[in-house]
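Each chain, letter by letter, is given below.
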Amino acid sequence: MWENDANYSVQTRSEYGPIGEESRPLLAQGAQARGASFWSSAFNLMNAIMGSGILGLSYAMANTGIIGFSVLLLVVSSLAAYSVHLLLLLCDKTSINSYEALGERAFNRPGKILVACTILIQNIGAMSTYLYILKSEMPAAITGFMSTENTGKWFEDGVTLLILVTLIVVLPLALLPKIGFLGYTSSLAFIFMLFFTVVVVVKKWSIPCPLPINSTVSLSLNTSECTPQMFVISSKSAYAVPTMAFSFLCHTAVLPIYCELHRPTKQRMQRVANVSIFLSFVVYLISALFGYLTFYTHVESELLLGYDTYLPRDVVVMSVRLAILLAVLFTVPLIHFPAVFLMAVGLVVGVLSLCVIIVSWVQDP
């Protein structure tokens, strides 16, 4: 009986490598290869958390109020931290460190297949969404810096740009053997998000309130629009729910980051998660608050569109748009990484799905 139990525990171990006890490293210190540093892991997790959804948080605040949004953001971040805690606790108790192995432990082989398919669907969907954003927005972000109008240059074609950035940036990063190597690009993505937040704060004093009727006509006289709302309940408040629900979605990247962390203990990984979620919470709250205080009820569902209206061809705003796109670009390899460890068919399905999507984009008029 004991031999069967031992064999089962070996079979359920993952490709990532074993997880140590709560306060003990994976291997003896002399034999352990140094893994990813604390901050490299934190940057990777923050990159998995923050994405283009940050542009919609000001709109969510406008439809829920400052206090309502803050409470929702605090609840969602707390739930994210607690769910990571439960995930790490489960891995620590079972000595299993991959999602599909946990699914197999709970529901046998159907559970493993279901978890693997779920992760593939979620990751492929997220990657397709980000690549579509790059295809749609990057040509406008680049041509915004050009002094001439439509010139027919190659960089104005979204499909061409998408293929180039996929081959030159995404593919090499996705082929890296360890997720810890992505800490450098993730740190750049976090810097871009900080740049976005600083610009949102600074530009609050560049746009007057009440808002101009347009960029050239005199100011509107409705001063009541400049009063921030603490609580807002309306039909549009429902739009804030999905935005908030996905604002701290990072769980598919937790275990790969955990397994490559230097001295990977549960307590150390929990600190990584807490720091990442806290910094993301601060960036989210500040950017959403000052974006809302800039436009109030007139905030756009995509924040940067409001700056285009009142600060046309502003170099700093155009730089922020490009920075957000680069941050999204650096997120794609990180989302792709967990799928590498699932199964060979998963990689084939992902490649075929991406090819189908690209072909459909090329055929679009």
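Owing to the predicted nature of the structure, the values given are computational and were not obtained by experimental measurement.

Caption draft 1: Molecular detail of the environment of Ala36. Considering the arrangement of structural elements, one finds Ala36 in the loop between α1 (2-11) and α2 (38-49). On the accessibility criterion, Ala36 (13% relative accessible area) is buried. Put simply, Ala36 and Leu261 are 225 residues apart on the chain and 4.7 Å apart in space, counted from C-alpha to C-alpha.

Caption draft 2: A look at the confidence of the model for the chain. Summary statistics for the chain give a mean pLDDT of 78 and a share of 77% for residues scoring 70 or more. Contacts from residues 1-32, a stretch scored under 50 in pLDDT, to residues over four places away or in other chains number 55 contacts. Segment residues 343-347 is flagged for pLDDT under 50; beyond a separation of four residues in sequence, or across chains, it makes 3 contacts in the model.

Caption draft 3: Main features of the packing of aromatic side chains. Scanning all chains against the criterion turns up 9 aromatic pairs. Stacked on the ring of Trp205, the Lys or Arg Lys204 has its end atom at 5.9 Å from the ring centre.

Caption draft 4: Molecular detail of the layout of surface pockets. The volume enclosed by the largest pocket comes to roughly 1000 Å³. Around the largest pocket, the lining is made up of 45 residues, and of these Gly51, Ser52, Gly53, Tyr130 and Phe246 lie nearest the centre. The set of elements that each furnish at least two residues to the lining of the largest pocket consists of α2, α3 (57-62), α5 (99-143), α8 (240-245) and α12 (315-340). For the lining of the largest pocket, the leading source of residues is α5, giving 12 residues. For the lining of the largest pocket, the class distribution of residues is 28 nonpolar, 14 polar and 3 charged.

Caption draft 5: View of the nonpolar core. Membership of the largest hydrophobic core comes to 94 residues, with the highest contact counts inside it found for Ile54, Phe196, Phe248, Met269 and Tyr307. Per-element accounting of this core gives the leading share, 13 residues, to α12. Beyond its immediate chain neighbours, meaning those up to four positions away, Phe248 contacts Ile49, Leu73, Val76, Ser77, Ala80, Ile277, Ser280, Phe281 and Tyr284.

Caption draft 6: Geometry of the packing of α2 against helix α10 (residues 266-295). Contact pair α2 / α10: the axes reach a minimum separation of 9 Å and the direction vectors enclose 50 degrees. As the angle between them shows, α2 and α10 are arranged oblique. In terms of crossing hand, the pair formed by α2 and α10 is right-handed. Each of Phe38, Trp39, Ser41, Ala42, Leu45, Met46 and Ile49 in α2 lies in contact with α10, whose residues at this interface are Arg268, Met269, Arg271, Val272, Ala273, Val275, Ser276, Ile277, Leu279, Ser280 and Tyr284.

Caption draft 7: The arrangement of the side chain of Lys266 in detail. Within the fold, Lys266 resides in helix α10. For Lys266, a relative accessible area of 5% translates into the label buried. Here His85 takes part through its side chain, which lies 3.4 Å from a polar atom of the side chain of Lys266.

Caption draft 8: Focus on the environment of Leu334. One can find Leu334 in helix α12. The buried category is assigned to Leu334, whose relative accessible area is 2%. Considered as a pair, Leu334 and Asn44 are 290 residues apart in the sequence and their alpha carbons are 7.5 Å apart. Other than its neighbours up to four places away in sequence, Leu334 contacts Asn44, Asn47, Ala48, Ile179, Leu182 and Ser186.

Caption draft 9: Representation of the side chain of Ser40. Positionally, Ser40 belongs in helix α2. With residues near it in sequence (within four places) discarded, Ser40 still touches Gly180 and Gly183.

Caption draft 10: Geometry of the packing of helix α4 (residues 66-94) against α5. The geometry of α4 relative to α5 is characterised by a closest axis approach of 12 Å and an angle of 70 degrees between their N-to-C directions. Considering their axes alone, α4 and α5 lie roughly perpendicular with respect to each other. In the crossing of α4 with α5, the sense of the turn from one axis to the other is left-handed. From α4, Leu87, Leu90, Cys91 and Thr94 reach across to α5, where they touch Tyr99, Leu102 and Arg105. Within the contact of α4 with α5, the residues separate by chemical class into 5 nonpolar, 1 polar and 1 charged.

Caption draft 11: Focus on the pattern of salt bridges. Enumeration according to the criterion identifies 2 salt bridges in this entry. Across the pair Lys203 and Asp314 runs a salt bridge whose closest N-O atoms are separated by 3.2 Å. One end of the pair, Lys203, is in helix α7 (residues 183-203); the other, Asp314, is in the loop between α11 (304-310) and α12, and 111 residues separate them in sequence. Each member of the pair, Lys203 together with Asp314, is buried. Between Asp308 and Arg321 there is a salt bridge, with its nearest N and O atoms 2.8 Å apart. Of this pair, Asp308 sits in helix α11 while Arg321 sits in helix α12, and the two are 13 residues apart along the sequence. Judged by relative accessible area, Asp308 falls into the partly exposed class, the value being 32%.

Caption draft 12: Seen up close, the environment of Leu188. When you line up the elements, Leu188 lands in helix α7. In this structure the C-alpha to C-alpha distance between Leu188 and Ala327, which are 139 residues apart in sequence, comes to 7.4 Å.

Caption draft 13: Examining unusual backbone geometry more closely. Positive phi outside glycine occurs at Asn108, with the angle close to 65 degrees. Relative to the helices and strands, Asn108 is located in helix α5.

The rules behind these values
Residues numbered from 1 in each chain as written. Predicted model: local features only at pLDDT ≥ 70, side-chain atom pairs only at ≥ 80, totals over all residues. Heavy atoms only, no water. Helix = DSSP H or I, 4+ residues; strand = E, 2+ residues; numbered from the N terminus. Buried < 20%, exposed > 50% of the residue type's maximum accessible area, 1.4 Å probe, protein only. pLDDT = per-residue confidence, 0-100. Contact = heavy atoms within 4.5 Å. Phe/Tyr/Trp six-rings, centres within 6.5 Å; stacked < 30°, edge-to-face > 60°. Lys NZ or Arg CZ within 6 Å of the ring centre and 35° of its normal. 1 Å grid on protein atoms, 1.4 Å probe; cavity = no way out; pocket = protein on both sides within 12 Å on 5 of 7 lines; lining within 4 Å. Points joined across faces, edges and corners; volume = space filled by probe spheres on them. Nonpolar A, V, L, I, M, F, W, Y, C, P; charged D, E, K, R; others polar. Core = buried A, V, L, I, M, F, W, Y, C linked by side-chain atoms within 4.5 Å. Axes fitted to C-alpha atoms, helices over the stretch in contact; angles between N-to-C directions. Parallel < 35°, antiparallel > 145°, perpendicular 65-115°, else oblique. Left-handed = near helix turned anticlockwise from the far one by under 90°. Polar contact = N/O pair within 3.5 Å; in protein donor to acceptor, adjacent residues only side chain to side chain. Salt bridge = Lys/Arg side-chain N within 4 Å of Asp/Glu carboxyl O.

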